[in-house]
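Coordinate analysis (summary)
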Amino acid sequence: MDWALLNTMDLSVSIGSLRLRNPFIAASGCFGYGLEYAGAVDLSTLGGLVSKGLFLKPREGHPPERIVETPAGMLNAIGLQGIGVHRYIAEKLPELREHDATNIVNICGSTLDEYVELARILSDAEGVHALELNISCPNIKEGGITFGCSPHGTFDVVSAVRKVTTLPVIPKLTPNVTDVASIAKMAEDAGADAVSLVNTFLGMAIDVETRRPKLSNIVGGLSGPAIRPIAVRMVYECRNRVKIPVIGMGGIASVNDALEFIIAGATAVQVGTANFVDPFIWSKLHDGLQSYMERHRIGSVHELIGTLDTAKREKEWVSS
Ligand SMILES: Cc1cc2nc3c(=O)[nH]c(=O)nc-3n(C[C@H](O)[C@H](O)[C@H](O)COP(=O)(O)O)c2cc1C
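Summarised in this report is the structure supplied together with it. (Residues numbered from 1 in each chain as written. Predicted model: local features only at pLDDT ≥ 70, side-chain atom pairs only at ≥ 80, totals over all residues. Heavy atoms only, no water.)

**What to know about the overall build of the protein chain**
For the protein chain, the helix and strand inventory stands at 11 helices and 16 strands. Computed over its C-alpha atoms, the radius of gyration of the protein chain comes to 19 Å, within 12% of the 20 Å expected for a compact globule of 320 residues. Counting only C-alpha atoms and orienting by the principal axes, one finds that the protein chain spans roughly 50 × 50 × 40 Å. Out of the 320 residues in the protein chain, the part that is buried amounts to 57%. Intrachain contacts of the protein chain at a sequence separation of at least 6 include 71% that bridge at least 24 residues. Surface exposure of the protein chain reaches about 14,200 Å², of which carbon and sulfur atoms provide 54%. The distance from the centre of the 29 positive side-chain charges to the centre of the 35 negative ones in the protein chain is 4 Å. (Helix = DSSP H or I, 4+ residues; strand = E, 2+ residues; numbered from the N terminus. Rg over C-alpha atoms; globule rule 2.2 N^0.38 Å. Buried < 20%, exposed > 50% of the residue type's maximum accessible area, 1.4 Å probe, protein only. Contact = heavy atoms within 4.5 Å. Areas by Shrake-Rupley, 256 points an atom, 1.4 Å probe, with all protein chains shown as cover. Lys, Arg positive; Asp, Glu negative; His and termini not counted. Charge placed at Lys NZ, Arg CZ, Asp CG, Glu CD.)

Here it is, written out as structure tokens:
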């Protein structure tokens, strides 16, 4: 171990005006409101944590079954169950502040006005560090994903939220589109500070004995290692299209998985489904990144972002 390098190693990254201690963020819906994990993980050691999606009002979500295990992943149709923004501010934020957590709040709306109202309310709340706009949940019928599936819908919601907040605005993009990079570009043009991707892929699973869908909602969102190669490709495409930071996620379960995203162009990464398998993954990611940087003589994560070398592969292709 090169202790001199370790002491000067800089794991921090910047998302707009927000500085994260390291690039590892807990993904929305897979880490509760953060406090549920506080007994197992020191929240101040994470780069950040994204809350479960919040509407203005509490929501029940869908009835069971809401989760199905699939090969190398899972399908969920929780239906954005949540406590609503007012209870989050009253009951969760004060304790999250005590834990010195970097709080990114995932907001959901059925209408554009709801996103704006949520952004206004959260901008006045102490301890909120950024807003992630959930315009990509595949499990609810109203609002949300209808914005995220359309370049103009994305532009409208991001620019409306931009006007009412100085917090970093991070629209979360859906992979359920043909050209995710064009949606990222619209988000950038509308004033987003970063984009995050991917949300889950729309899928379904069937019980062949009963011939019924396994999920009460019939369809659900696929997450976990099964989606990782597609998510990495989408992050790479967005990196090549926009100048704002890209936050990558989809099936990260080890430091090498996270490194794939960072090398493809992600400034930070989110970890979702892996929390259900290994709640202690965070220290492994942190230590793994440090030892990778030490091995490759890299002093700062920024030196790694988007360093994918395609030149040799392209040369081989041309000469064959
Ligand atoms: C059970 C569950 C609940 C989720 N809830 C939300 C949510 O409330 N808001 C959101 O934007 N994404 C939500 N997601 C999507 C994740 O944040 C993430 O984008 C996706 O699962 C891909 O990452 P992963 O493969 O690491 O899980 C949820 C995912 C799962 C598995």
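**Overview of a nonpolar patch on the surface**
A cluster of nonpolar side chains, contributed by Met204, Ile206, Val208 and Ile218, occupies part of the molecular surface with about 410 Å² of accessible area. Within the fold, methionine 204 resides in the loop between strand 11 (201-203) and strand 12 (206-207). (Patch = residues over 30% accessible without salt bridge, like charges linked within 9 Å, V, L, I, M, F, W, Y side chains within 5 Å. Salt bridge = Lys/Arg side-chain N within 4 Å of Asp/Glu carboxyl O.)

**Notes on the sheet that holds strand 6 (residues 73-76)**
With respect to topology, 4 strands assemble into an open sheet ordered 5-6-14-11, the strand pairing being antiparallel. Because the sheet does not close on itself, it has two edges, and the strands there are strand 5 (67-70) and strand 11. Here the average twist between neighbouring strands, direction ignored, is 35°. (Pairing = 2+ DSSP bridges. Axes fitted to C-alpha atoms, helices over the stretch in contact; angles between N-to-C directions.)

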